[in-house]
Amino acid sequence: MSFDHKKIEEKWGKKWREAGVYKVDLKNPKKKFYNLMMFPYPSAEGLHVGNMYAFTGADLYGRFKAMQGYEVFEPIGLDGFGIHSENYAIKIGKHPAEQAKVSQKRYYGQLERIGNRFSWENRLETYDPDYYKWTQWLFVQMFKKGLAYRKKSLVNWCPSCKTVLADEQVETGRCERCKSETEKKETYQWFFKITDYSQRLLDNIAKIDWPERIKTAQRNWIGRKEGINITYKIKGLKETVTCFTTRPDTNFGATFVVIGPEHKLVKSLMKKAKKETGEKIKTYVEEAIKKSEIERLAEGGKKTGVDTGFKAINDLNGYEMPVYVTDFVLGHVGTGAVVGVPGHDKRDFEFAQEFGLEVIRVVVAADGDKAKITKIEQVQEDEGKMINSEFLNGMKIDKAIGAMMDHLEKKGVGKRVVEYRLRDWCISRQRYWGPPIPMMECQKCGWMAEKEENLPVKLPMVKDYKPTGDGKSPLAKAPKEWLEVKCSKCGGKAKRETDVSDTFLDSAWYFLRYPSVKKKEAVFDKELTKKWLPVDAYIGGAEHAVLHLMYSRFVTMALKDWGYLSFEEPFPFLYGHGLIIKDGAKMSKSRGNIVIPDEYIDKYGVDALRMYLMFIGPYDQGGDFRDTGMRGMSRFLARVWQLGEKKRKKGKLREIRKLQHMTVKRVTKAMEKLRYNVGMAALMEYVNGMNEVGADEEAVKALVLMLAPMAPYISEEMWSKLGGKFSVHQQRWPEYDEELARGEKVTVVVQVNGKLRGKLEVDREEGEDKGKMLEMAKENDNVKKYIEDKKIEKEIFVVSRTGGTVNLVVK
Ligand SMILES: [Zn+2]
Ligand SMILES: [Zn+2]
């Protein structure tokens, strides 16, 4: 190596701190830019390169914005209160409060080494009473506004973490944190009424600039369904059964009704049924509620159920539909009952096959052939036209849905409803390491919130902090002085709530607090909040699509409604970065493939590591970490260094300028879109180019300025050697002249299934942009003809010396 990275890092790190290079003028920003990265929680292994990858990519963007003249606020903190940190502490046999101090030191130490322009003065930790005071305040507000309530209900239970979990924390039947299979438990829990915001959370998705996959995940999670509740009489009984359906058009084909074992009707049917049947139902229900929801809803499993012997009457045609109790219907979700249309629903079809129930076809696909099938052996779930349905016959299904809804409403047996999949947020946890829920139960007044002036309700130090598994928090064994309080209303005897709140509440609002951390007497500094929020760029992983990102939106909306904020979407722009993998797999301790940045920083320097991580693949896709790549980047930096050493080749000025301006344009465009690997590739070509056509000081200075966000230390050192004014990080991003930047034109040919269908004449740098070329190819008028109404199965893009080729494989 031709330079001593350790010396440079130490020298400039110190100088930046002393000079306050990254200090933000929060009070009087010229043009503000709130650059936020996702809240880190200290994990067992400390910071690994996967985390660093996220932070470096975000930092590059912040630095780029700063060089464009923005006042950049890039805060950092620790999400260290909660189950993740607690589980780790328990594992190593340390008290969570003790471990928090150790983790904090280690984590901040590592974060200081990765070269980010963090606004350290505004850091916050969620376990700091100065912070959780306001988390509790938020809880109290929720309670006061009727958005927090306590209810007995069937909730998710993690047997390993020994606590309840929110629906969002159960991923395909497993605990989001420890991956254990979750169970169901019926207990009293605190909930936040996020469902009051279902429609707003859904509507606003159209207004935010987020990756499509995260938006889709949120839409699906909210799960809006327009349908109708149809009420059927039960023959010989006073009771009725109401079924929700989104496809009332098929109701002439209904041949049975199924109700979930938890349905309130089950008990009375059990009593009124024949004795033998009643017994059967009882046994079935007992078995069914023991099963997990996953088992019950699993597709393709054998359908089970008990015929109650009762018949529901279809008002449309008098059809007597047998009523079954079955476990594939959840009795506590929606109306808890479903009308079976086996001709047009796969699950209903399987059920009908199992119990020998009639299958009636009422929709035929456009080709009509399927209508001829006499013995129906398959389901028809596609669009088509109505048959066997009296007044609906001949209509297309979407028209028939409306006509049937009108009909049922007019007859008084149906009511249009909108349903959501979203459930209220279960917020209480039977754990120790979290903010105590600031509520108390008074013998006279019932559940009361703690007085705001008494917040925070401090988490007492207890020796016995391990979760008990008996459904109670370890705090239930806290000293009497803590447990027994005066009622905040009548002053009488009251008992504290002993559950703590979900860690996702801590992180649902931390970004709102960052600018205001120094304000002790209020949750937000009004002026700063107005100046700095909402967040300008939020950069993070997509794994919390329905957790953190949904909760934050909800909390922000609520705070806006209460008058604390003037906006309701906290993150108008969200960028989802990819994942760094090692040996083809996600980094995890159990796989033993975790890469810790420290050793690489020691060996190659932080600049080389930052650059390598950003070069590994498109930032939104990630890549595979390899030591060879690391060495390659280190060699590149050595070549850059030599250009600064004035061992430069002399060349024609005009050619040098052209190369320079073309590169500045390419890198600027790439940085704007966080396409760091593309920008870096352009810089590499630039270095090669300067070794070919020659370089002068101006050209090298431009290189150093463009390198500054990626490699902050070496660029500062080179800048200083070139006689530049301290600091390189306070310089403006280089500009380019359109005329000089105009590159040669290249031709990208577009094929559809291997046949030439179009040509694109573009600038070279454009022609290297896969996303752009695919987009342009699909918009080409001639190409359009060949891909319309077809499914694109594969998109191939190859760059060549004269341009490139796009090949779209369609079916
Ligand atoms: Zn768990
Ligand atoms: Zn009271």
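Look up: the structure comes first, before these words.
Residues numbered from 1 in each chain as written. Chains lettered and ligands numbered in written order. Predicted model: local features only at pLDDT ≥ 70, side-chain atom pairs only at ≥ 80, totals over all residues. Heavy atoms only, no water.

J.: Explain the overall build of the protein chain here, please?
T.: The number of helices and strands found in the protein chain is 28 helices and 34 strands. Principal-axis analysis of the C-alpha atoms places the extent of the protein chain at approximately 100 × 80 × 45 Å. Intrachain contacts of the protein chain at a sequence separation of at least 6 include 72% that bridge at least 24 residues. Here the protein chain displays about 36700 Å² of accessible surface, and carbon together with sulfur accounts for 48% of that area. Averaging the positions of the 142 positive and the 116 negative side-chain charges in the protein chain gives two centres separated by 2 Å. (Helix = DSSP H or I, 4+ residues; strand = E, 2+ residues; numbered from the N terminus. Contact = heavy atoms within 4.5 Å. Areas by Shrake-Rupley, 256 points an atom, 1.4 Å probe, with all protein chains shown as cover. Lys, Arg positive; Asp, Glu negative; His and termini not counted. Charge placed at Lys NZ, Arg CZ, Asp CG, Glu CD.)

J.: Sorry, what's going on with the nonpolar core here?
T.: Soluble, globular proteins show a tendency: their nonpolar side chains are buried together. Formed by 172 residues in total, the largest nonpolar core has its most connected members in Trp425 and Phe625. With eleven residues, the top contributor of residues to this core is helix α2 (residues 49-67). Setting aside its immediate chain neighbours within four residues, Trp425 contacts Ala166, Trp190, Phe191, Phe192, Ile194, Asp502, Phe504, Leu505, Ala508, Tyr551, Phe554 and Val555. Residues Val266, Phe310, Leu316 and Val323 belong to the second largest nonpolar core, which totals 42 residues. (Core = buried A, V, L, I, M, F, W, Y, C linked by side-chain atoms within 4.5 Å. Buried < 20%, exposed > 50% of the residue type's maximum accessible area, 1.4 Å probe, protein only.)

J.: Mind showing me how you'd approach empty space enclosed by the protein here?
T.: The rolling of a water-molecule-sized probe over the atoms marks out the regions of remaining empty space. Tallied over the entire structure, the rule returns three cavities of 30 Å³ or more. Each pocket or cavity is described by its volume, and for the largest cavity that value is around 120 Å³. The wall of the largest cavity is formed by 17 residues, among which Gly82, Ile83, Arg429, Asp502 and Thr503 lie closest to the centre. Secondary structure elements with two or more residues in the lining of the largest cavity: α3 (83-91), β25 (500-501) and α14 (503-506). Residues belonging to the lining of the largest cavity are distributed by class as follows: six nonpolar, five polar and six charged. Space inside the second largest cavity adds up to approximately 70 Å³. Taken together, Pro42, Gly80, Ser85, Tyr88, Ala89, Pro96, Gln99, Ala100, Ser103, Tyr127 and Trp433 make up the lining of the second largest cavity. When residues of the lining of the second largest cavity are traced back to their parent elements, those giving at least two are α3 and α4 (96-113). In terms of residue class, the lining of the second largest cavity is built from seven nonpolar, four polar and no charged. (1 Å grid on protein atoms, 1.4 Å probe; cavity = no way out; pocket = protein on both sides within 12 Å on 5 of 7 lines; lining within 4 Å. Points joined across faces, edges and corners; volume = space filled by probe spheres on them. Nonpolar A, V, L, I, M, F, W, Y, C, P; charged D, E, K, R; others polar.)

J.: Just checking my understanding: could you explain the coordination of the zinc ion (ligand 2) for this structure?
T.: In an ideal tetrahedron of four donors about a metal, each angle is 109.5 degrees. In an ideal octahedron of six donors, the angles are 90 or 180 degrees. Taken together, Cys442 (SG), Cys445 (SG), Cys487 (SG) and Cys490 (SG) make up the full set of protein donors to the zinc ion (ligand 2), lying 2.2 to 2.4 Å away. Around the zinc ion (ligand 2) sit four donor atoms, and with donor-metal-donor angles ranging over 106 to 116° the site reads as tetrahedral. Residue Cys487 is classed as buried on the basis of its relative accessible area, which comes to 4%. (Donors = N, O, S within 2.8 Å, 3.2 Å for Na, K, Ca; no water. Tetrahedral: all angles 85-135°; square planar, octahedral: opposite > 155°, others 65-115°.)

J.: Before we go on, may I ask you to explain the pairing of strand β22 (residues 446-449) in this structure?
T.: The two faces of a sheet get side chains in turn, since along a regular strand they alternate between them. Bridge count for strand β21 (residues 439-442) against β22 is four bridges, and the pairing is antiparallel. Residue pairing across strands places Cys442 opposite Gly446, the latter belonging to β22. Counted along the chain from β21 to the antiparallel partner β22, the turn is three residues long. (Pairing = 2+ DSSP bridges.)

J.: Help me out: how do you make sense of the sheet that holds strand β34 (residues 803-810) in this one?
T.: Reading across the sheet, the four strands line up as β32-β31-β34-β33 and stay open at both edges, with mixed pairing between neighbours. With one partner strand each, in any of the chains shown, β32 (755-763) and β33 (792-800) form the two edges of the open sheet. Ignoring strand direction, the axes of neighbouring strands in this sheet form an average angle of 15°. For β33 and β34, the ladder comprises eight bridges, and the chain directions are antiparallel. The residue bridging Ser800 from the neighbouring strand is Gly803, located in β34. (Axes fitted to C-alpha atoms, helices over the stretch in contact; angles between N-to-C directions.)

J.: I would appreciate a short explanation of the coordination of the zinc ion (ligand 1) in the present structure.
T.: Taken together, Cys158 (SG), Cys161 (SG), Cys175 (SG) and Cys178 (SG) make up the protein donors of the zinc ion (ligand 1), found 2.2 to 2.3 Å from the metal. One can describe the donor arrangement at the zinc ion (ligand 1) as tetrahedral, given that its four donor atoms subtend angles of 100 to 119° at the metal. On the basis of relative accessibility, which here comes to 27%, the residue Cys178 falls in the partly exposed class.

J.: Please clarify how the packing of aromatic side chains should be interpreted in this entry.
T.: Aromatic ring pairs: the centre-centre distance and the angle between the two ring planes describe each pair. With the rule as written, the count across this model stands at 49 aromatic pairs. An angle of 50° between the planes, with centres 5.2 Å apart, marks the rings of Phe139 and Phe192 as tilted. Residue Phe139 is located in helix α5 (residues 129-144), and its partner Phe192 is located in strand β9 (residues 183-192); the two are separated by 53 residues in the primary sequence. Taking the relative accessible area as the measure of exposure, Phe192 reaches 0% and is therefore buried. (Phe/Tyr/Trp six-rings, centres within 6.5 Å; stacked < 30°, edge-to-face > 60°.)

J.: I tried to follow helix α8 (residues 265-272) on my own but got confused; where do I start?
T.: Because each turn of an α-helix spans 3.6 residues, side chains separated by three or four positions in sequence point in the same direction. Taken together, the buried positions of α8 are Leu265, Val266, Ser268 and Leu269. Buried residues along α8 sit in contact with β10 (225-234), β11 (240-245), β12 (256-259), α9 (275-290), β13 (306-313) and β14 (320-325).

J.: Any chance you could explain the pattern of salt bridges here in plain terms?
T.: A side chain of one charge can pair with a side chain of the opposite charge when the charged atoms of the two come close. As enumerated under the stated definition, the model contains 49 salt bridges in all. Among the ionic pairs, Asp59 bridges to Arg610, the shortest N-O distance being 2.7 Å. Note that Asp59 is positioned in helix α2 and Arg610 in helix α19 (residues 606-615), a separation of 551 residues in sequence. When its relative accessible area of 0% is taken as the criterion, Asp59 is described as buried. Overall, the relative accessible area of 0% leaves Arg610 in the buried class. The partner of Glu409 in a salt bridge is Arg416, and the shortest N-O contact between them spans 2.8 Å. One connected set of salt bridges, linked through shared partners, spans Arg106, Arg113, Asp598 and Asp602. (Salt bridge = Lys/Arg side-chain N within 4 Å of Asp/Glu carboxyl O.)

J.: Looking at this structure, how should I read the state of the cysteines?
T.: Covalent bonding between the sulfur atoms of two cysteines is what defines a disulfide. In this structure the tally under the stated criterion is zero disulfides. Cys426 carries a free sulfur, and the closest cysteine sulfur to it, the one in Cys175, is 13 Å from it. (Disulfide = S-S within 2.5 Å.)

J.: Honestly, the environment of Val363 in this entry has me stumped. Any pointers?
T.: Looking at the secondary structure, you find Val363 in strand β16 (residues 363-364). Residue class for Val363 comes out buried when judged on its relative accessible area of 1%. In this structure, Val363 is in contact with Arg247, Thr250, His344, Gln380, Asp382, Glu383, Gly384, Lys385, Met386, Ile387 and Ile397, ignoring residues within four places of it in sequence.

By themselves these figures say nothing about function.
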